[in-house]
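Chain by chain, the residues run as shown.
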Amino acid sequence: MSKAFASQADLADKQITFEQLSAHCWAYTAEGDPNSGVIIGEKYIMVSDATATPAMARDLIARIRTVSDKPIKYVLLTHYHAVRVLGASAYFAEGASEIIASQGTYELIVERGAEDMKSEMERFPRLFRGADSIPGLTWPTLVIGGGDPQKGEKPGRLTVDLGGVKVQIWSPGPGHTRGDTIAWVEEEKVLFSGDLVEYEAGVYTGDAQLEEWPATLEALRALGAEAIVPGRGEAMRGQADVNKALDYTKRWVTTLFQAGKEAAAAGMDLKQAMAHTRKSMDPVFGHVFIYEHCLPFDVSRAYDEAKGIKNPRIWTAERDQEMWAALQG
């Protein structure tokens, strides 16, 4: 029996939690749905990941307003995916003057933002309720340039003073995308990782740099965070639990990519690669939220990268459906 496409059958609302992790840091989480982070200073507020639509962003704004009336001056795009960025326009009425992204994220918006927007809306309609409130693609107003830390180059780095708390923003290396960007509150040891880190949820790797991702996770581990807001899953407190989230993501990525390399080396076609990957992935991860949604996209990317395609092929709504019919039909 064919599985419903992506998450089109996932219509049940999730329980949202807005919790304080430290003196200035908050987590907005929703049982495996995309998370956002909030950093509240004495002068300004920063939101990390804007939500999928302005209508959805207004729920996050309402929760922020229960604890602070300060301007939400900064919105950080941890990467370019539509589900993370298309709600950004809602923050302009709350004082937003800077939408921050890395150079890599900006380039990906230029290269594939329009295709990704259409693709994601069709994959996960529940997360795009109120899509008519989206004015179009979200473009950064402040782009952080800089080199690739995995090549020994110094990445561009921005420090934002919110008043009583400073936020460091930079790209630790490729992983979930080639433009992933984090927010790090060093004094409070709180990390906002975006989708570089997940916990007990599907790890989407359809646009990933799988070979490099584990080293990027180790760069994050070296920070010694004592709390983390992952891209999906519950916020984690204490270094031991932060490491559990890092280990979970690393195991997903390495298990997936190893299966992809084995499938490519054996001359399997993509459907055979899917069956081969399930043997190692299903027993460990088959129970987690959006596993069946993520897996075919992940297998497609792992197979491509194993065959030497370093720049991920662009997902279009048409390619999504063709791949799904082939692998989940």
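Refer to the structure above for everything that follows.
Residue indices follow the written sequence of each chain, beginning from 1 at its first position. Thresholds applied to this predicted model are a pLDDT of at least 70 for local features of residues and 80 or more for the giving and counting of side-chain atom pairs; totals over whole chains, interfaces and linings are not thresholded and use all residues. By convention in this description, side-chain values take in all heavy atoms of the structure and omit both hydrogens and water.

Please clarify how the overall build of the protein chain should be interpreted in this entry.
Regarding its fold elements, the protein chain presents 8 helices and 13 strands. Restricting the calculation to C-alpha atoms gives the radius of gyration, and the globule rule supplies 2.2 Å times the number of residues raised to the power 0.38. A globule of 329 residues ought to have a C-alpha radius of gyration of about 20 Å, and the protein chain, at 19 Å, matches this closely. Dimensions of the protein chain, computed from the C-alpha atoms along their principal axes, are close to 60 × 45 × 35 Å. Scored against the burial criterion, the 329 residues of the protein chain give a buried share of 58%. Any two residues whose heavy atoms approach within 4.5 Å at even a single point are treated as in contact. In the protein chain, 71% of the contacts between residues at least 6 apart in sequence involve partners at least 24 apart. Charged-residue counts in this description rest on Lys and Arg as positive and Asp and Glu as negative, His and the chain ends being excluded. Every charge is mapped onto a representative atom, which is NZ of Lys, CZ of Arg, CG of Asp or CD of Glu. If the 35 positive side-chain charges of the protein chain are averaged to one point and the 46 negative ones to another, these points end up 1 Å apart. Helix and strand assignments come from DSSP, with helices taken as H or I runs of at least 4 residues and strands as E runs of at least 2, each series counted from the N terminus. Each residue's exposure class comes from its accessible area (1.4 Å probe, protein chains only) as a fraction of the maximum for that residue type: buried when under 20%, exposed when over 50%, partly exposed otherwise.

For this particular structure, what's the right way to read the packing of aromatic side chains?
Describing an aromatic ring pair means giving the distance of the ring centres and the angle of the ring planes. We call Phe, Tyr and Trp rings a pair once their centres come within 6.5 Å, taking the six-membered ring for Trp, and we label the pair stacked below 30 degrees between planes, edge-to-face above 60, and tilted otherwise. In the structure shown here, the tally under the stated rule is 11 aromatic pairs. Summarising the aromatic geometry, the rings of Trp252 and Phe285 are spaced 4.8 Å apart at their centres and angled 55° between planes, so their arrangement reads as tilted. With Trp252 in helix H5 (residues 239–265) and Phe285 in helix H6 (residues 270–285), this residue pair connects regions lying 33 residues apart in the sequence. Note on Trp252: relative accessible area 0%, which makes it buried. An aromatic cluster of at least three residues, connected via ring pairs, comprises Phe5, Tyr204, Phe297, Trp315 and Trp324.

I keep staring at unusual backbone geometry and nothing clicks. Help me out?
Most peptide bonds adopt trans geometry, and most residues besides glycine take a negative phi value. Its identity is not glycine, yet Glu31 carries a phi of approximately 50°, on the positive side. With respect to the helices, strands and loops of the structure, Glu31 is situated in the loop between strand S2 (25–30) and strand S3 (33–40). Of note, the phi angle at Glu200 is positive, near 50°, even though the residue is not glycine. Inspection of the secondary structure assignment puts Glu200 in the loop between strand S11 (190–194) and helix H4 (213–221).

What's the story with the sheet that holds S3 in this structure? I'm lost.
One key point about sheets: their strands pair by backbone hydrogen bonds, in either a parallel or an antiparallel sense. Taken in spatial order, the 7 strands line up as S1-S2-S3-S4-S5-S6-S7 in an open sheet, and their pairing is mixed. Looking at which strands have only one partner, the edges of the open sheet turn out to be strand S1 (17–20) and strand S7 (142–144). Between one strand and the next, the sheet's axes are offset by a mean angle of 20°, whatever the strand orientation. Relative to the sheet, helix H1 (residues 54–64) contacts S1, S2, S3, strand S4 (45–48) and strand S5 (72–76), its axis offset from that of S2 by approximately 140°. Lines fitted to the C-alpha atoms define the axes, with helices restricted to the stretch that makes contact. Angles between their N-to-C directions range from 0 to 180 degrees. Where helix H3 (residues 103–123) meets the sheet, its contacts fall on strand S6 (98–102) and S7, and the angle it forms with S6 comes to roughly 95°. Being paired, for any two strands, means DSSP has found at least two bridges between them.

Explanation requested: H5 in the structure shown.
Residue pairs three or four apart in sequence face the same way in an α-helix, which turns once every 3.6 residues. Here the expected length of a helix is defined as 1.5 Å per residue gap, with one fewer gap than residues. Compared with the 39 Å implied by 1.5 Å per residue over 27 residues, the 38 Å span of H5 between its first and last C-alpha is a close match. Looking one or two places after H5, you find Gly267, whose phi comes out positive at around 75°.

Help me understand the pattern of salt bridges, please; the structure alone is not making it clear to me.
A side chain with one charge can pair with a side chain of the opposite charge if their charged atoms come near. In what follows, salt bridge is the name for a side-chain nitrogen of Lys or Arg lying within 4 Å of a carboxyl oxygen of Asp or Glu. A full pass over the atoms with the stated rule returns 25 salt bridges. Linking Arg221 and Asp247 is a salt bridge whose minimum nitrogen-to-oxygen distance equals 2.8 Å. Taken as a pair, Arg221 in helix H4 and Asp247 in helix H5 lie far apart in primary sequence, 26 residues in all. One salt bridge in this structure joins Arg301 and Glu305, with 3.1 Å as the shortest N-O distance. Of this pair, Arg301 and Glu305 both sit in helix H7 (residues 291–306), 4 residues apart, roughly one helical turn. Considered together, Arg301 and Glu305 belong to a single accessibility category, that of buried residues. Several salt bridges converge on common partners, so that one network encompasses Glu211, Glu212, Arg301, Glu305 and Lys310.

Teacher, can you tell me more about the nonpolar core here?
The nonpolar side chains of a soluble globular protein tend to be buried with one another. Nine residue types can take part in a nonpolar core, namely buried Ala, Val, Leu, Ile, Met, Phe, Trp, Tyr and Cys, and a core is a set of them joined through side-chain atoms within 4.5 Å. If you look at the biggest cluster of nonpolar residues, it comprises 78 residues, and the most contacted ones within it are Val38, Tyr91 and Trp252. Looking at this core element by element, the count peaks at 9 residues for H5. Not counting residues within four places of it along the chain, the set of residues in contact with Trp252 comprises Ala201, Gly202, Val203, Thr205, Met281, Phe285, Val288, Tyr291, Cys294 and Asp298.

Sorry, what's going on with the packing of H5 against H7 here?
Two quantities define a packed helix pair, namely the angle between the axes and the distance from one axis to the other. Running from N to C, H5 and H7 cross one another at 55°; their axes reach a closest spacing of 8 Å. It follows that H5 is oblique to H7 by the angle criterion. Note that H5 runs across H7; the crossing there is right-handed. Here Trp252, Leu256, Phe257, Gly260, Lys261, Ala263 and Ala264 of H5 lie close against H7, whose contacting residues are Tyr291, Cys294, Asp298, Val299, Ala302, Tyr303, Glu305 and Ala306. In the contact of H5 with H7, the residues fall into 11 nonpolar, 1 polar and 3 charged. Working definition: roughly parallel below 35 degrees, roughly antiparallel above 145 degrees, roughly perpendicular at 65 to 115 degrees, and oblique for all remaining angles. Handedness of a crossing follows from how the near helix is turned relative to the far one, being left-handed for an anticlockwise turn of less than a right angle and right-handed for a clockwise one. In the scheme used here, Gly and all other residues not listed as nonpolar or charged are polar, with Ala, Val, Leu, Ile, Met, Phe, Trp, Tyr, Cys and Pro taken as nonpolar and Asp, Glu, Lys and Arg as charged.

What am I meant to see in the packing of H4 against H5 here?
In the contact formed by H4 and H5, the axes pass within 10 Å of each other and the chain directions differ by 175°. One element, H4, and the other, H5, form an angle in the roughly antiparallel class. Between H4, through Trp213, Pro214, Leu217, Glu218, Leu220 and Arg221, and H5, the contact on the second element is made entirely by Asn243, Leu246, Asp247, Thr249, Lys250, Val253 and Thr254. Classifying every residue of the contact of H4 with H5 gives 6 nonpolar, 3 polar and 4 charged.

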